[in-house]
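Chains, contacts and geometry: an overview
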Amino acid sequence: MTVQQTEELAKLAGIKLNSEEIEEFAAGLDEMIAFCGAVEGFDEEDVSQRSVPAESLRKDEVEKSLPRELILHGGADGRFAVKRVVK
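Description of the structure in this document. From a predicted model like this one, the values you see are computed outputs, not experimental measurements. (Residues numbered from 1 in each chain as written. Predicted model: local features only at pLDDT ≥ 70, side-chain atom pairs only at ≥ 80, totals over all residues. Heavy atoms only, no water.)

1. Digging into the overall build of the protein chain
Scanning the protein chain for helices and strands turns up three helices and zero strands. When the helices and strands of the protein chain are read in sequence order from the N terminus, they spell out α-α-α. Here the protein chain has a C-alpha radius of gyration of 23 Å; the compact-globule value for 87 residues is 12 Å, and the former is much larger. Expressed along its principal axes, the backbone C-alpha trace of the protein chain runs to roughly 50 × 45 × 15 Å. Counting every position in the protein chain, which comprises 87 residues, the buried fraction comes to 7%. Accessible surface, the protein chain: about 8900 Å² in total, of which carbon and sulfur atoms supply 56%. Looking at the protein chain, you have 11 positive and 19 negative side-chain charges, and the mean spots of the two groups are 16 Å apart. (Helix = DSSP H or I, 4+ residues; strand = E, 2+ residues; numbered from the N terminus. Rg over C-alpha atoms; globule rule 2.2 N^0.38 Å. Buried < 20%, exposed > 50% of the residue type's maximum accessible area, 1.4 Å probe, protein only. Areas by Shrake-Rupley, 256 points an atom, 1.4 Å probe, with all protein chains shown as cover. Lys, Arg positive; Asp, Glu negative; His and termini not counted. Charge placed at Lys NZ, Arg CZ, Asp CG, Glu CD.)

Have a look at this one:
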(Lines give C-alpha, C1' and ligand atoms only; values in the text may rest on other atoms or scores of the structure.)
Protein backbone atom coordinates (compact mmCIF):
# COMPACT_ATOMS: atom_id res chain seq x y z
CA MET A 1 0.00 0.00 0.00
CA THR A 2 1.36 3.41 -0.84
CA VAL A 3 1.85 6.21 1.65
CA GLN A 4 -0.84 8.20 -0.17
CA GLN A 5 -3.32 5.30 0.04
CA THR A 6 -2.54 4.88 3.74
CA GLU A 7 -3.09 8.59 4.37
CA GLU A 8 -6.45 8.41 2.57
CA LEU A 9 -7.47 5.30 4.53
CA ALA A 10 -6.54 6.98 7.82
CA LYS A 11 -8.53 10.06 6.81
CA LEU A 12 -11.59 7.94 5.97
CA ALA A 13 -11.25 6.14 9.31
CA GLY A 14 -10.87 9.42 11.18
CA ILE A 15 -7.42 8.47 12.48
CA LYS A 16 -4.66 11.05 12.71
CA LEU A 17 -1.23 9.58 11.97
CA ASN A 18 2.16 11.24 11.84
CA SER A 19 4.53 10.52 8.91
CA GLU A 20 6.36 7.79 10.84
CA GLU A 21 3.10 6.02 11.69
CA ILE A 22 1.91 6.30 8.09
CA GLU A 23 5.08 4.56 6.86
CA GLU A 24 4.67 1.87 9.52
CA PHE A 25 0.99 1.31 8.74
CA ALA A 26 1.65 1.22 4.99
CA ALA A 27 4.17 -1.60 5.47
CA GLY A 28 1.87 -3.46 7.86
CA LEU A 29 -1.09 -3.14 5.53
CA ASP A 30 1.03 -4.47 2.66
CA GLU A 31 1.80 -7.56 4.75
CA MET A 32 -1.88 -8.08 5.57
CA ILE A 33 -2.92 -7.69 1.94
CA ALA A 34 -0.22 -10.16 0.86
CA PHE A 35 -1.43 -12.65 3.48
CA CYS A 36 -5.02 -12.30 2.25
CA GLY A 37 -3.80 -13.00 -1.27
CA ALA A 38 -2.01 -16.13 -0.06
CA VAL A 39 -5.12 -17.37 1.75
CA GLU A 40 -7.26 -16.65 -1.31
CA GLY A 41 -5.16 -19.05 -3.37
CA PHE A 42 -5.39 -21.86 -0.79
CA ASP A 43 -6.86 -25.12 -2.06
CA GLU A 44 -9.60 -25.99 0.40
CA GLU A 45 -10.67 -29.17 -1.40
CA ASP A 46 -9.20 -31.48 1.28
CA VAL A 47 -10.24 -29.37 4.29
CA SER A 48 -13.00 -30.78 6.49
CA GLN A 49 -15.92 -28.58 7.46
CA ARG A 50 -15.47 -26.98 10.89
CA SER A 51 -18.55 -24.82 11.11
CA VAL A 52 -21.73 -25.75 12.96
CA PRO A 53 -24.90 -26.19 10.91
CA ALA A 54 -27.55 -23.62 11.84
CA GLU A 55 -30.05 -26.41 12.51
CA SER A 56 -27.98 -27.58 15.51
CA LEU A 57 -28.09 -24.21 17.29
CA ARG A 58 -30.66 -23.47 19.95
CA LYS A 59 -33.75 -21.52 18.96
CA ASP A 60 -33.98 -17.87 19.89
CA GLU A 61 -36.52 -17.35 22.61
CA VAL A 62 -37.72 -14.03 23.96
CA GLU A 63 -36.98 -13.77 27.66
CA LYS A 64 -37.86 -11.13 30.19
CA SER A 65 -34.95 -8.75 30.70
CA LEU A 66 -34.01 -6.42 33.54
CA PRO A 67 -35.99 -3.19 33.85
CA ARG A 68 -34.42 -0.26 32.00
CA GLU A 69 -34.46 1.87 35.15
CA LEU A 70 -32.39 -0.70 37.04
CA ILE A 71 -29.81 -1.01 34.29
CA LEU A 72 -29.39 2.74 33.80
CA HIS A 73 -29.69 3.85 37.44
CA GLY A 74 -26.02 4.90 37.61
CA GLY A 75 -25.99 6.67 34.27
CA ALA A 76 -26.56 10.28 33.39
CA ASP A 77 -29.59 11.20 31.30
CA GLY A 78 -30.33 7.53 30.64
CA ARG A 79 -26.92 6.85 29.08
CA PHE A 80 -23.77 4.99 30.03
CA ALA A 81 -20.61 7.01 30.57
CA VAL A 82 -17.51 5.34 29.08
CA LYS A 83 -13.89 6.38 28.79
CA ARG A 84 -12.80 7.76 25.48
CA VAL A 85 -10.63 5.25 23.60
CA VAL A 86 -9.81 7.23 20.46
CA LYS A 87 -8.26 10.67 20.64
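2. So, helix 2 (residues 19–40)
Helix length check: helix 2 (22 residues) gives 31 Å between terminal C-alpha atoms against 32 Å at 1.5 Å per residue, within 8%. All of the buried residues in helix 2 are Ile 22, Ala 26 and Leu 29. Down the axis of helix 2, the smallest arc covering the buried residues is 70°, so these residues share one side. Facing away from the buried side of helix 2, by more than 90 degrees, are the exposed residues Glu 20, Glu 24, Glu 31, Phe 35 and Ala 38. Where the residues of helix 2 are buried, they touch helix 1 (3–13). (Expected span 1.5 Å × (residues − 1). Arc of directions from axis to C-beta. Contact = heavy atoms within 4.5 Å.)

3. Examining a negative patch on the surface
The grouping of Asp 43, Glu 44, Glu 45 and Asp 46 at the surface amounts to a negative patch. Positionally, Glu 44 belongs in the loop between helix 2 and helix 3 (68–71). (Patch = residues over 30% accessible without salt bridge, like charges linked within 9 Å, V, L, I, M, F, W, Y side chains within 5 Å. Salt bridge = Lys/Arg side-chain N within 4 Å of Asp/Glu carboxyl O.)

4. Observations regarding the pattern of salt bridges
A full pass over the atoms with the stated rule returns one salt bridge. Here Asp 60 and Arg 58 are joined by a salt bridge, their closest N and O atoms 3.8 Å apart. Accessibility assignment for this pair places Asp 60 and Arg 58 in one class, exposed.

5. Describing a nonpolar patch on the surface
Judged by side-chain polarity, Leu 66, Leu 70, Ile 71, Phe 80 and Val 82 come together as a nonpolar surface patch covering roughly 560 Å² of accessible area. Inspection of the secondary structure assignment puts Phe 80 in the segment after helix 3. Residue class for Phe 80 comes out exposed when judged on its relative accessible area of 60%.

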